[in-house]
Amino acid sequence: MKPLFTRRSLLVAHSLKNGFLPRSQTWRSMLIPAKNWTGTRSFTQSQIIRNSHKTPDSNKELGNKDSDDKEKNKQTKKKTPAEEEAQRQKEMEDKFRKDIEEQIKKRFQGNAPNIKMINVDGQQIAKGALVISTVVLLLTFFLVSNQQKDELSFQDFQTRYLEKGLVQKLNVVNRFAVEAELIPGAFSDETVRGPNGTPIVTFTIGSIEVFEETMKEIQDKLSIPTEERLPILYVERGSLWNLILPVLPTVLLIGGLYYITAKRMGLMGANGGPGGIFKIGKSNAKLFNQETDVKIKFKDVAGCEESKEEIMEFVKFLQNPQKYEKLGAKIPRGAILSGSPGTGKTLLAKATAGEAGVPFLSVSGSEFVEMYVGVGASRVRDLFKTAREMAPAIIFVDEIDAIGRERGNGKMGGNDERENTLNQLLVEMDGFEASDHVVVLAGTNRVDILDKALLRPGRFDRHITIDTPDGEGRKAIFKVHLSKITLKAVEDIKASNKGTEFSKYKLEVDDAIEFLAGRLSALTPGFAGADIANCCNEGALIAARDDANSVDMHHFEQAIERVIAGLEKKSRILSPQEKKTVAYHEAGHAICGWFLQYADPLVKVSIIPRGQGALGYAQFLPKEQYLTSDVQFMHKIIMALGGRVSEELHFPTVTSGASDDFKKVTGMARHMVVKLGMSKRIGNITFDEEDGSEGFKVHNTYSESTALAIDEEVKRIIDEAYAQCKELLTEKLELVDKVAEEVYAKEVLTREDMIRLVGPRPFPDQNEAFDKYLKGQDAFKKLPKQVDEADKKGNSDTME
Ligand SMILES: Nc1ncnc2c1ncn2[C@@H]1O[C@H](COP(=O)(O)OP(=O)(O)OP(=O)(O)O)[C@@H](O)[C@H]1O
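Computed from a predicted structure; not experimentally measured. (Residues numbered from 1 in each chain as written. Predicted model: local features only at pLDDT ≥ 70, side-chain atom pairs only at ≥ 80, totals over all residues. Heavy atoms only, no water.)

Observations regarding the side chain of arginine 644
To keep things clear, this is the line we draw: A run of DSSP states H or I qualifies as a helix once it reaches four residues; a run of E qualifies as a strand once it reaches two. Both are numbered from the N-terminal end. Each residue's exposure class comes from its accessible area (1.4 Å probe, protein chains only) as a fraction of the maximum for that residue type: buried when under 20%, exposed when over 50%, partly exposed otherwise. Residues scored as charged are limited to Lys and Arg (positive) and Asp and Glu (negative), so that His and the chain ends carry no count. The rule for a salt bridge is simple: a side-chain nitrogen of Lys or Arg has to be within 4 Å of a carboxyl oxygen of Asp or Glu. The criterion used for residue contact is that any of the two residues' heavy atoms lie within 4.5 Å.
Residue position: arginine 644 is located in helix α22 (residues 630-650). Buried and unpaired, arginine 644 has no salt bridge, with glutamate 648 as the nearest side chain of opposite charge at 4.5 Å. If we skip the residues at most four places from it in the chain, arginine 644 touches His585, Val654, Thr655, Ala658 and Phe662.

So, the UniProt feature "transmembrane region" (unreviewed entry) in the chain
For clarity, the threshold we go by: UniProt positions are given in the numbering used here, feature names are shortened, and annotations may be inferred rather than shown by experiment.
The feature "transmembrane region" (unreviewed entry), as annotated in UniProt, sits at residues 125-144 and 240-260 in this numbering. A distance of 29 Å separates the end C-alpha atoms of residues 240-260, which is 100% helix and 0% strand.

A word on the sheet that holds strand β5 (residues 192-193)
Using the following cut-off: Two strands are counted as paired when DSSP detects at least two bridges linking them.
Spatially, the 5 strands line up as an open sheet ordered β5-β6-β4-β3-β7, and their pairing is mixed. Every interior strand has two partners, whereas the edge strands, β5 and β7 (232-235), have only one.

Notes on the confidence of the model for the chain
As a reminder of what qualifies: The predictor's confidence in any single residue is recorded as pLDDT, a number from 0 to 100.
Per-residue confidence for the chain gives a mean pLDDT of 74; residues scoring 70 or more make up 72%. Scored below 50 in pLDDT, residues 1-76 shows 87 contacts in the model against residues more than four places distant or in partner chains. Across residues 790-800, confidence stays below pLDDT 50; counting only partners more than four residues off in sequence or on other chains, it has 18 contacts. What the predictor reports for the complex is a pTM of 0.60 with an ipTM of 0.97.

Looking at the site of the ligand
In plain terms, the rule: We call a residue near a molecule or strand as soon as one heavy atom of that residue lies within 4 Å of the molecule or strand. Here a polar contact is recorded for every N or O atom pair within 3.5 Å, except that within protein the pair must consist of a potential hydrogen donor and a potential acceptor, and residues adjacent in sequence are included only if both atoms are side-chain atoms. Side-chain classes follow a simple rule in which Ala, Val, Leu, Ile, Met, Phe, Trp, Tyr, Cys and Pro form the nonpolar group, Asp, Glu, Lys and Arg form the charged group, and the remainder, Gly included, forms the polar group.
In the neighbourhood of the ligand, 17 residues make up the surrounding shell, with Ala302, Lys345, Thr346, Leu347 and Asn445 lying closest. Side-chain polar atom of asparagine 445 to an oxygen atom of the ligand: 2.8 Å apart, as the coordinates give it. Looking at the shell around the ligand, the elements that each hand over two or more residues are α11 (345-356), α16 (471-482) and α19 (529-545). Taken together, the residues of the shell around the ligand sort by class into 7 nonpolar, 7 polar and 3 charged.

Remarks on the nonpolar core
Buried together is how nonpolar side chains tend to be arranged in soluble globular proteins. Defined as follows: We define a nonpolar core as any set of buried Ala, Val, Leu, Ile, Met, Phe, Trp, Tyr and Cys residues linked to one another through side-chain atoms lying within 4.5 Å.
Membership of the largest hydrophobic core comes to 54 residues, with the highest contact counts inside it found for Cys592, Ile637, Ile710, Val739 and Met754. Every element with two or more residues in this core is listed here: α21 (576-595), β14 (602-606), β15 (617-620), α22, α23 (659-674), α24 (704-731), α25 (733-746) and α26 (751-758). Counting residues per element, this core draws most heavily on α24, which supplies 10 residues. Each residue touching cysteine 592, except ones within four places of it in the same chain, is listed here: Ile638, Met639, Gly642, Cys725, Leu728 and Leu729. Ranked by size, the runner-up nonpolar core spans 28 residues in total, among them Ala302, Ile493, Leu516 and Val603.

Side note on the packing of helix α9 (residues 305-319) against α11
Here is the rule we go by: Between the N-to-C directions of two axes lies an angle of 0 to 180 degrees, each axis being a line fitted to C-alpha atoms and, for a helix, fitted only over the stretch in contact. By convention, the crossing between two helices is left-handed when the near helix turns anticlockwise from the far helix through less than a right angle, and right-handed when the turn is clockwise.
Viewed as axis vectors pointing N to C, α9 and α11 meet at an angle of 35°, and their least axial separation amounts to 9 Å. Considering the relative orientation of α9 and α11, their crossing is right-handed. In contact with Ser307, Lys308, Ile311, Val315, Leu318 and Gln319 of α9, α11 contributes Leu348, Thr352, Glu355 and Ala356.

Notes on a nonpolar patch on the surface
Defined as follows: Only residues above 30% relative accessible area that lack a salt bridge enter a patch, with like-charged residues linked at up to 9 Å and the nonpolar side chains Val, Leu, Ile, Met, Phe, Trp and Tyr linked at up to 5 Å. In short, Shrake-Rupley with a 1.4 Å probe defines the accessible areas, and a residue's cover is counted only from the protein chains shown.
On the surface, Leu240, Trp241, Leu243, Ile244 and Leu245 cluster together to form a nonpolar patch covering roughly 540 Å² of accessible area. One can find leucine 240 in helix α8 (residues 240-264). Under the relative-accessibility criterion, leucine 240 is labelled exposed at 57%.

Structural notes on the pairing of strand β4 (residues 177-182)
The buried fraction of β4 amounts to 6 of the 6 residues, a majority that puts the element mostly inside the structure. Neither face of β4 is left uncovered, since the one carrying Ala177, Glu179 and Glu181 and the one carrying Val178, Ala180 and Leu182 both have all their residues buried. Direction of pairing for strand β3 (residues 167-173) relative to β4: antiparallel, over a ladder of 6 bridges. Bridging across to β4, valine 172 finds its partner in valine 178. Here β4 runs beside strand β6 (residues 199-204); their pairing, made up of 5 bridges, is antiparallel. When the sheet's bridge partners are listed, alanine 177 is paired in β6 with threonine 204.

Describing the pattern of salt bridges
Counted under the stated rule, the structure contains 27 salt bridges. Between arginine 716 and glutamate 713 there is a salt bridge, with its nearest N and O atoms 2.8 Å apart. On the criterion of helical spacing, the pair formed by arginine 716 and glutamate 713 is a turn pair, its members being 3 residues apart in helix α24. Take arginine 716: its relative accessible area is 31%, and that puts it in the partly exposed class. For glutamate 720, the salt bridge goes to arginine 716, with nearest N and O atoms at 2.8 Å. Of this pair, glutamate 720 and arginine 716 both sit in helix α24, 4 residues apart, which is roughly one turn of that helix. Within the structure, one salt-bridge network assembled from shared partners comprises Glu742, Lys746, Asp753 and Arg756.

Set out below in structure tokens:
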């Protein structure tokens, strides 16, 4: 007999009387009432915990060990310590069992239920479950296949039941199955018992109409009188699922599509919560709170004094409208701020709001554009409604060209929705009265493509152009941004002026910042406000990377180089031959620039690869000038050709390094011929060579013969420049050699190096800023640390 308790068994009491273990009761409470639990309790508990944590593997191991023990027992009668332990355990289990039985007897006093102890093993349970599920599956499969096999056809139903008069009623269930109730006693293999005990056979039908028709025909044939014909009832059966399931895929598909669309269009409310589609027509304008958000004032916008003055009028109006209205003056409704990217249009608009102290609603033109028709117009309406409610207020529409493009100009098909939005904007701007005290400012980089209706007086009355800043403007912008940075020049003054008078100290600091800003401005011609802000920030980042305590001129110069020429490509290692070619190429540019009167002053020659594909560069500082003569153009072209000509003069073959120079040269020459009337043969005429607003060039505005003449003139100019360049560089062959060798060895040459190598420039530099801030003071010099590193890498070798 199997032992009732084994070491690895989980004890479960199984009530034979009830046939199952009541769920609410644990095995322990089934066996013995808690109050009668005695000293054996602790043993049992620990036993259970131990066993219940065992894995099937550990059980197996233990099982193997038991059988091994038996084997050993057979071989030798002497008991091992393990056997002794097993024996002891068995005795304890027996005692425990007896104990339980006694207590049960005592509890039920002779009426004890028939209790049987069984072993429950995890593995056994799993096996059992597996077997049961397999059986259930097989049974289901068998039943289903059997059902399919035995399904009654209509013909069988007709011959076996209908024609024999065994049918008493027909129920069409869910329009596809028929339950035929047979007369009592008509049982067969195919019948099942219906709810009231009547035998039933079932079969399926294709369509109710055909079934009815067939039934009629059969009964006609059997000459059954109309009143005795079989009644046909229609019943719908099944759960709610039967109704839901057919429509569920469609509902899920539509719901999914809606969800994806709503999410893509950002219509799910701010946090994906409710609001959704109902908010679509509302304006997305961001409202800046005067007290907390708009902290920008006019003093933060530097270098565009005229624009500031223009816009100041709006501020004065919003602050004191009565002053103007009293005199009968109408206040401009809006202003278009136009200019190149990063020139400070948004900044100026924000400063206007900051100065005026009124609500500032900022929105981007593209935010009006939505895939749904009418949404843009509705948002415009809502924006103006909100502004009127808050008046006095400023609306700022950034990138207005997104909605304000000229109407009916879409060469590739119109965009009605955008035009609707623009129309609504025009209507709103017309619609509000001067007394509404709402001012609309708009920013764009492309004022040329805006609809004329938008620019007429009464709408955007003022056109404020913000140009790229000149030298003084850049200096002023640098001052604004440098004021937020810990500068080495200022820190040095602080350290050396302890105890001196504040006014003197302040003067020194101002001078230092003035000089720094001036020098940086001289090094950054053509930079817009955003570039300057970026440079200052980059400089501080470079200083932080160097673990410096303050930001020095070198850091800013590195930042400028990075913005102009791109990142230094330390990974791009040139072969000695390539390096030599690049050195001669750059030396050619440098010598041309040095000996041509109208060339810009040179600040640096470098053969360190930078940015996209640039293996070296000669950096010149163009002066601020508003007119360029044909001779100046010529000198620029000669200078650009200097690289290729130098390669030709020093090497048997030429390289691809001059492709970018040629692009510039061709562009300049073509501009001279086509736009500036600088070709005698073509004459004083300008040809429109611009692309259409959609970026498609449809046709040239000149004849084929003119096109040929233009091409010939462009070539003539370049050829002439080439000849002059060759003449110049042949004459200065030795100097080119000198410069190339030095740049090859040092990688970087500054202006001072050039003076040392080739002597001072024969023409005065006509660049005031250059004279003031850079003359005699090297810019873009390698830091001592960098020079050391270059030496370590062996860069100071000489060219063979
Ligand atoms: N005149 C300026 N004075 C001080 N900082 C300026 C000036 N112009 C631009 N900046 C700096 O450049 C940043 C970008 O300027 P802003 O966004 O106003 O340019 P934008 O003309 O609106 O450009 P975009 O046309 O690309 O929208 C500003 O946040 C500011 O730091």
